Amino acid sequence: MGGNSHSPCASCKLLRRRCAKDCIFAPYFPSHDPQKFAIVHKVFGASNVSKIIQELPVQQRTDAVSSLVYEAYARVKDPVYGCVGAISYLQNQVSELQMQLAVAQAEILYIQMQHHDDDEPVTQIPEMGMVLDHNFPSSSNVIHHDSLSRESVFGYDVVS
Ligand SMILES: [Zn+2]
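In this text the structure is predicted, and so the values were computed from the model without any measurement.

Trainee: How would you sum up the coordination of the zinc ion? Please name residues and give values.
Mentor: Cys9 (SG), Cys12 (SG), Cys19 (SG) and Cys23 (SG) make up the full set of protein donors to the zinc ion, lying at 2.2 to 2.3 Å. Each of the 4 donor atoms bound to the zinc ion contributes to angles spanning 107 to 112 degrees, and the resulting shape is tetrahedral. Between the donor residues of the zinc ion, the gaps in sequence give the motif C-x2-C-x6-C-x3-C. Owing to a relative accessible area of 9%, Cys23 belongs among the buried residues under this scheme.

The structure is reproduced here in structure tokens:
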């Protein structure tokens, strides 16, 4: 970082202009990584990128540049959907997992109801954590319920 002879940032190098001391791009597009600027320039255009950076508070500019670079790469990789392709892929995964979760919860409910039908001592199993607690010799809720008589457990069941 020396006086007049500092090397231009990647942006100024590509745009073939003098890199001023207060160059808006210099902190985010170092000369050793020319591809980073080349790609946002290709997708968004240098002047748009500079406008976006300038309108943001300094502490948010690094994140903004990262997301612009990410979006630009995604657009080049997938000219049709860009990063929307990744977003919709992940949204599909989320709804698929939500469906699996709903199925698993229904299965748990079904198993709990079968236990009731078998007329076995009822332990309330509202959460997996409490099921696991069952094996520990602690004074957890589950063990407390176990120590009650069946009638009072049923009574508790009905009331709650
Ligand atoms: Zn520059």
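Trainee: How would you explain the nonpolar core if you had to name every residue and give the values?
Mentor: Phe25, Phe29, Phe37, Val40, Val49 and Ile53 are the most contacted members of the largest nonpolar core, which has 19 residues in total. Of all the elements in the fold, those that place two or more residues in this core are helix H1 (10–15), helix H2 (34–43), helix H3 (46–54) and helix H4 (58–77). In terms of residue count, H4 provides more of this core than any other element does, 4 residues in total. Each residue touching Val40, except ones within four places of it in the same chain, is listed here: Phe29, Gly45, Val49, Leu68, Val69 and Ala72.

Trainee: Describe the packing of aromatic side chains, and please don't skip the residues or the numbers.
Mentor: Within a pair of aromatic rings, the relevant descriptors are the distance that separates the centres and the angle that separates the planes. Applying the stated criterion across every chain, the model contains 3 aromatic pairs. Look at Phe25 and Phe29: their rings are 5.9 Å apart centre to centre, the planes differ by 65 degrees, and that puts the pair in the edge-to-face class. Owing to a relative accessible area of 1%, Phe29 belongs among the buried residues under this scheme. Directly above the aromatic system of Phe29 lies the positively charged group of Lys36, at a separation of 5.6 Å from the ring centroid.

Cut-offs used in this document
- Residues numbered from 1 in each chain as written.
- Predicted model: local features only at pLDDT ≥ 70, side-chain atom pairs only at ≥ 80, totals over all residues.
- Heavy atoms only, no water.
- Donors = N, O, S within 2.8 Å, 3.2 Å for Na, K, Ca; no water.
- Tetrahedral: all angles 85-135°; square planar, octahedral: opposite > 155°, others 65-115°.
- Buried < 20%, exposed > 50% of the residue type's maximum accessible area, 1.4 Å probe, protein only.
- Core = buried A, V, L, I, M, F, W, Y, C linked by side-chain atoms within 4.5 Å.
- Helix = DSSP H or I, 4+ residues; strand = E, 2+ residues; numbered from the N terminus.
- Contact = heavy atoms within 4.5 Å.
- Phe/Tyr/Trp six-rings, centres within 6.5 Å; stacked < 30°, edge-to-face > 60°.
- Lys NZ or Arg CZ within 6 Å of the ring centre and 35° of its normal.

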